[in-house]
Amino acid sequence: MKIESTDKVKKGLAEMLKGGVIMDVVNAEQAKIAEKSGAVAVMALERIPADIRADGGVARMSSVSVIQEVMESVSIPVMAKARIGHFVEAQMLDSLGIDFIDESEVLTPADEVNHINKHNFKAPFVCGATGLGEATRRIAEGASMIRTKGEAGTGNVVEAVRHMRTITNELNEVIACDEHEIVALSKKFRAPLNVLEEIKELNKLPVVNFAAGGIATPADAALMMQLGCDGVFVGSGIFKSGDPSERAEAIVIATTNFNDPKVLAEVSKNLGEPMVGINIDTLSEEEKLARRGW
Amino acid sequence: MKVGILSFQGSFLDHSKSISEIGFNPLLIKQSKDLDFIDALILPGGESTAMKKINEFSGLLSKLDQIIKDGIPTLTTCAGTILLAKEVIGGEETIPNIDIEITRNAYGRQTESFEGNVKFFENEDIYCFIRAPKISKILSDEVDIIAEHNDEIVGAAQKNVVALTFHPELNNDEYYLNWLYDFILEGKNVRSF
């Protein structure tokens, strides 16, 4: 007996990534640097979020050749992004044999009402969330992994912190609630009742939850881990910095040893320039990627 | 009983839960200073390349190598098995402690990951294989085959080491937990039971 792509196998890969760092890369060379630096997976992109932000225009799924180049260059899992609701981009990624699909607000949404029905795919999905309602709706649609949205391409961790704290506080409210209150909470958070019931039974989210969107330093990664994230995505933070390889390694060590300030201080020495950040206050509402998704 | 679980990255919390369920104390190990007296050791699944990199910072694995050679009951799953294999196809050997040749990502990418039936010692159940390696060769007659999936070797044992390519910690079924309990208590030499 052998059954592929079961729910358990999809969630299982996310379990194996826990405690690790997933890095954005735009070509084979960067992918190899990421793998050598200890990344547990890479996200294959045509442009990193900071450049998508700077360039403007419509951001779509990366070119197939970039994705395949990255897939051929490393032995760790490779992820790629599809636009929100663009199930055909997701079908194409699935057909390439990608290891994980990110239905991502970093790309321009293709559907302003619906997300992809993620149950129908061989590859597992990761989706962004700003709170418990969004996280549970994505889980109900078939996501095998959740990440905070944060604010991608800013190098500013404040939004990721806000989203993680919101998810945790709302999760605690569900875990602590009386059985008679759960329907009201489902309504309050716009959260599917069956997922809330599962949370109550497990006393945690039924899938792995990573931090993403604005993580630029080892300290940022450790902060998100101490706030209870299962691992981190680093997008623009690595390859927009002075010494990508050193910084990537330092963030990997920091993510494992997130509770040890001595180690965090040691790996943060002589790291060179971090990416230049953007203050969230200077972004207009239209410029905030976290607003995308429904 | 204290069970040390290598916690660089991967499914260490799932193993930790299994250990708690059978009434032992899990100890998450990230650096040498976390190494207290331990009665058994688990090397979990995850990404072996990442684990090797994280090890460069702490050098923990060379200490674990000695403890394993001294005879502590040691269970490895998936990436943990790659770390202990004598020969690694598609990677490098790390701390060889079991005479097997292992092939990384032998079934293919995640889309080829599966749930499959496994004969594990005397029991048959369904377990997850996630971007799993394959035990492609047994390199000495000291090694016993202890788990099979459709005639493929998915578990091997030598002295105090049990190496699996699948994930019993994601099931925590009764047979596995009972076996784990006995192994931690008596697993100095796996062949003796």
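Reading guide: rules and limits
- Residues numbered from 1 in each chain as written.
- Chains lettered and ligands numbered in written order.
- Predicted model: local features only at pLDDT ≥ 70, side-chain atom pairs only at ≥ 80, totals over all residues.
- Heavy atoms only, no water.
- Helix = DSSP H or I, 4+ residues; strand = E, 2+ residues; numbered from the N terminus.
- Expected span 1.5 Å × (residues − 1).
- Buried < 20%, exposed > 50% of the residue type's maximum accessible area, 1.4 Å probe, protein only.
- Contact = heavy atoms within 4.5 Å.
- 1 Å grid on protein atoms, 1.4 Å probe; cavity = no way out; pocket = protein on both sides within 12 Å on 5 of 7 lines; lining within 4 Å.
- Points joined across faces, edges and corners; volume = space filled by probe spheres on them.
- Nonpolar A, V, L, I, M, F, W, Y, C, P; charged D, E, K, R; others polar.
- Disulfide = S-S within 2.5 Å.
- Pairing = 2+ DSSP bridges.
- Axes fitted to C-alpha atoms, helices over the stretch in contact; angles between N-to-C directions.
- Core = buried A, V, L, I, M, F, W, Y, C linked by side-chain atoms within 4.5 Å.
- Buried area = accessible area lost by both parts, 1.4 Å probe.
- Salt bridge = Lys/Arg side-chain N within 4 Å of Asp/Glu carboxyl O.
- Polar contact = N/O pair within 3.5 Å; in protein donor to acceptor, adjacent residues only side chain to side chain.
- Patch = residues over 30% accessible without salt bridge, like charges linked within 9 Å, V, L, I, M, F, W, Y side chains within 5 Å.
- Areas by Shrake-Rupley, 256 points an atom, 1.4 Å probe, with all protein chains shown as cover.

Peer 1: Is there a simple way to explain helix H12 (residues 244–256) of chain A in this structure?
Peer 2: Think of an α-helix as turning once every 3.6 residues; residues three or four places apart then point the same way. For H12(A), which comprises 13 residues, the first-to-last C-alpha distance of 19 Å matches the rise-based estimate of 18 Å (1.5 Å per residue) to within 8%. Among the 13 residues in H12(A), 10 count as buried, and that is most of the element. Of the residues making up H12(A), those classed as buried are Pro244(A), Arg247(A), Ala248(A), Ala250(A), Ile251(A), Val252(A), Ile253(A), Ala254(A), Thr255(A) and Thr256(A). Check the buried side of H12(A) and you find it contacts strand E2 (21–25), helix H10 (218–226), strand E9 (232–234), helix H11 (236–239) and helix H13 (261–267) of chain A together with helix H2 (48–58) of chain B.

Peer 1: It is not clear to me how the environment of Lys269(A) should be interpreted in this structure. Could you clarify?
Peer 2: In this fold, Lys269(A) is placed in the segment after H13. For Lys269(A) and Ser95(A), which are 174 residues apart along the polypeptide, the C-alpha to C-alpha distance reads 43 Å.

Peer 1: Is there a simple way to explain the layout of surface pockets in this structure?
Peer 2: A probe matching the size of a water molecule, rolled over the atoms, marks out where space remains unfilled. Taken as a whole, the largest pocket encloses approximately 1,100 Å³ of empty space. Lining the largest pocket are 39 residues; nearest its centre among them are Glu15(A), Lys18(A), Lys204(A), Leu205(A) and Asp14(B). Contributions of two or more residues to the lining of the largest pocket are made by helix H1 (7–17), helix H7 (158–176), helix H9 (193–202) and strand E8 (208–210) of chain A together with helix H1 (12–21) of chain B. For the lining of the largest pocket, the element with the most residues is H7(A), which contributes six residues. Of the residues in the lining of the largest pocket, the class split is 18 nonpolar, nine polar and 12 charged.

Peer 1: Explain the state of the cysteines here, please?
Peer 2: Between two cysteines, a covalent bond joining their sulfur atoms is known as a disulfide. Under the counting rule described, the total for this entry stands at zero disulfides over all chains. For the unlinked cysteine Cys127(A), the closest cysteine sulfur is that of Cys229(A), found at 16 Å. No disulfide involves Cys78(B); its nearest neighbouring cysteine sulfur is the one of Cys128(B), lying 11 Å away. You can call Cys78(B) buried: its relative accessible area is 4%.

Peer 1: Before we go on, may I ask you to explain the sheet that holds strand E6 (residues 125–129) of chain A in this structure?
Peer 2: The strands that make up a sheet are held in pairs by hydrogen bonds between backbone atoms, and each pair lies either parallel or antiparallel. All names here are of chain A. On the basis of which strands lie adjacent, the open sheet formed by eight strands has the order E8-E7-E6-E5-E4-E3-E2-E9 and parallel pairing. Edge positions in the open sheet fall to E8 and E9, since each of these has one partner strand only. The sheet shows a mean angle of 30° between the axes of neighbouring strands, taken without regard to direction. Bridge analysis of E6 against strand E7 (residues 145–148) gives four bridges, and the strand direction is parallel. When the bridges of E7 are listed, Ala129 appears paired with Thr148. Packed on one face of the sheet, helix H2 (residues 28–36) meets E2 and strand E3 (41–44) and runs near 165° to E2. Taken strand by strand, H7 contacts E6, E7 and E8, and its axis lies near 130° from that of E7.

Peer 1: It is not clear to me how empty space enclosed by the protein should be interpreted in this structure. Could you clarify?
Peer 2: Summed over all chains, the structure comprises two cavities of 30 Å³ or more. The space that makes up the largest cavity amounts to roughly 200 Å³. What lines the largest cavity is a set of 23 residues, and nearest its centre among them are Asp24(A), Pro49(A), Ala152(A), Gly213(A) and Gly235(A). Those elements giving two or more residues to the lining of the largest cavity turn out to be E9 and H11 of chain A. Partitioned by chemical class, the residues of the lining of the largest cavity number nine nonpolar, eight polar and six charged. The computed volume of the second largest cavity comes to approximately 110 Å³. Surrounding the second largest cavity, 13 residues form its lining, Gly46(B), Glu47(B), Cys78(B), Asn105(B) and Arg131(B) being those nearest its centre. Residues of the lining of the second largest cavity, tallied by class, amount to seven nonpolar, three polar and three charged.

Peer 1: How should the nonpolar core be read in this particular structure?
Peer 2: A general tendency of soluble globular proteins is for nonpolar side chains to be buried together. Membership of the largest hydrophobic core comes to 82 residues, with the highest contact counts inside it found for Ile98(A), Met224(A), Val232(A) and Leu6(B). If we skip the residues at most four places from it in the chain, Met224(A) touches Val157(A), Ala160(A), Val161(A), Met164(A), Ala211(A), Ile215(A), Cys229(A) and Val232(A). Among the nonpolar cores identified, the runner-up in size contains 30 residues, and Ile22(B), Tyr127(B), Phe129(B) and Ala157(B) belong to it.

Peer 1: Just checking my understanding: could you explain the interface of chain B and chain A for this structure?
Peer 2: Buried accessible area, meaning the area lost when the parts come together, often serves as the stated size of an interface. Across the contact, 40 residues belong to chain B and 45 residues belong to chain A. Carbon and sulfur atoms supply 56% of the area that chain B and chain A bury against each other, a total of about 3,300 Å² over both sides. At the junction of chain B with chain A, the criterion picks out five salt bridges. Of the charged contacts in the structure, one is a salt bridge between Asp99(A) and Arg109(B), with a shortest N-O distance of 2.8 Å. Between the two partners, chain B and chain A, sit 22 residue pairs in polar contact (both at pLDDT 80 or more). Mapped by element, the contributors of at least two residues to the side of chain B that touches chain A are H1, H2, strand E7 (114–120) and strand E8 (123–129) of chain B.

Peer 1: Help me understand a nonpolar patch on the surface, please; the structure alone is not making it clear to me.
Peer 2: Residue and element names in this part refer to chain A. A surface patch of nonpolar side chains, about 310 Å² in accessible area, is lined by Val64, Phe87, Val88 and Met92. Looking at which element gives the most residues to the nonpolar patch, the answer is helix H5 (residues 87–95), with three residues. The topology assignment puts Phe87 in helix H5. On the basis of relative accessibility, which here comes to 46%, the residue Phe87 falls in the partly exposed class.

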